[in-house]
Amino acid sequence: MISENINQIQSEIPDHVTLVAVSKYQSIEDTMAVLDAGIHDLGESRVQDFLKKYEVIGDRSRWHFIGHLQKNKVKYLIGKTFLIHSVDSIELVNVIEKESKKQGIVTDVLLQLNLAREDSKSGILAENLNAVLEVIPSCQFVRVKGLMAMGPLTQNNEKIREIFMELKRIYDRIKEESWGEVIKMNYLSMGMTDDYTIAIEEGSNMIRVGRKIFS
Ligand SMILES: *Cc1c(COP(=O)(O)O)cnc(C)c1O
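Everything numeric in this text was worked out from a predicted model, so none of it was measured.

A. Summary view of the pattern of salt bridges. One pass over the full model with this rule turns up 14 salt bridges. Glu44 serves as the salt-bridge partner of Lys53, at 2.8 Å between the closest nitrogen and oxygen. Neither Lys53 nor Glu44 differs from the other in exposure class; each is buried. In this structure, Arg161 and Glu201 form a salt bridge, with 2.9 Å as the shortest nitrogen-oxygen distance.

Shown next, in the form of structure tokens:
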């Protein structure tokens, strides 16, 4: 049961950690059940699917876009998301800036890092992060609110932990640097069904959970 799964997860995680229910691939009905269980943060990974749900649910939830985002689809998200977690290039920042400006809306984003350096994952490589950060202060309509990463594809908990520790170190470093109002480290989005416990131990304050809620 969705509500029981949510209650169980909520009872395990500290208050300062936001649970984002990843409703990708789930029906409208099951997605609504999440709202009924008291969670108002939903994560979607495909623009088309998101728009269908947004039509029905609208502002009754905060919407987190967590999937790889194509530049030509950015315009459909502007004004509808609480956070876009998956910003992974300067080009994408520039398109979000342009489309947000058109609509006169400021868009809050997280920068996604690919710390495990897996080809199958999108995300900024650590050595390229500063170049992305450096374009943000010249943006008027994009604000960076934190970082996102996925754990590595492995059963080895220590390897997973190392990646989360590395993300936390980068998060703390940026927090100490003076980037001004446009770059704030408010959200550290890490942890999914299989690894959210480790992620929280390593400093996550936003977990994205799908399977454990919907199975
Ligand atoms: C699917 C997905 C999740 C949720 O994963 P589960 O293993 O189902 O909890 C979290 N984050 C991203 C980026 C995803 O694509």
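Let us keep going from here.
B. Broad picture of the environment of Asn130. Within the secondary structure layout, Asn130 lies in helix H6 (residues 129–135). On the basis of relative accessibility, which here comes to 32%, the residue Asn130 falls in the partly exposed class. Remark: the alpha-carbon pair of Asn130 and Gln103, spanning 27 residues in sequence, is separated by 28 Å.

C. Spatial organisation of the packing of aromatic side chains. Tallying each qualifying case throughout the model produces 4 aromatic pairs. Plain terms: the ring middles of Phe50 and Tyr54 are 5.5 Å apart, the flat faces sit at 50 degrees to each other, and that makes the pair tilted. Taken as a pair, Phe50 and Tyr54 lie in helix H3 (residues 47–57) at a separation of 4 residues, close to a single helical turn. For Tyr54, a relative accessible area of 18% corresponds to the buried category. Taking 6.0 Å as the distance between ring centres and 70 degrees as the angle between the ring planes, the aromatic pair formed by Phe82 and Tyr187 counts as edge-to-face. Taken together, the positions of Phe82 in the loop between helix H4 (74–77) and strand S4 (83–87) and Tyr187 in strand S7 (residues 183–189) put the pair 105 residues apart, joining distant regions of the chain. Following the ring pairs from residue to residue traces out a cluster consisting of Phe50, Tyr54 and Trp63. Between Arg62 and the ring centre of Phe82, over which it is positioned, the NZ or CZ distance is 3.9 Å.

D. The arrangement of the site of the ligand in detail. All residues in the neighbourhood of the ligand are listed as Val22, Lys24, Ile66, Met150, Met192, Thr193, Arg208, Val209, Gly210 and Arg211. Here a nitrogen atom of the ligand sits 2.8 Å away from a polar atom, N or O, in the side chain of Arg208. Its residues placed into classes, the shell around the ligand shows 5 nonpolar, 2 polar and 3 charged.

E. Focus on helix H1 (residues 2–12). Within H1, burial applies to Ile2, Asn5, Ile6 and Ile9. Viewed along the axis of H1, the buried residues span an arc of 100 degrees, placing them on a single side of the element. Turned more than 90 degrees away from the buried face of H1, the exposed residues are Glu4 and Ser11. Among the structural elements, strand S1 (18–22), helix H2 (28–36), helix H8 (196–201), strand S8 (206–209) and helix H9 (211–214) are those in contact with the buried residues of H1.

Procedures and definitions
Residues numbered from 1 in each chain as written. Predicted model: local features only at pLDDT ≥ 70, side-chain atom pairs only at ≥ 80, totals over all residues. Heavy atoms only, no water. Salt bridge = Lys/Arg side-chain N within 4 Å of Asp/Glu carboxyl O. Buried < 20%, exposed > 50% of the residue type's maximum accessible area, 1.4 Å probe, protein only. Helix = DSSP H or I, 4+ residues; strand = E, 2+ residues; numbered from the N terminus. Phe/Tyr/Trp six-rings, centres within 6.5 Å; stacked < 30°, edge-to-face > 60°. Lys NZ or Arg CZ within 6 Å of the ring centre and 35° of its normal. Near = heavy atom within 4 Å. Polar contact = N/O pair within 3.5 Å; in protein donor to acceptor, adjacent residues only side chain to side chain. Nonpolar A, V, L, I, M, F, W, Y, C, P; charged D, E, K, R; others polar. Arc of directions from axis to C-beta. Contact = heavy atoms within 4.5 Å.

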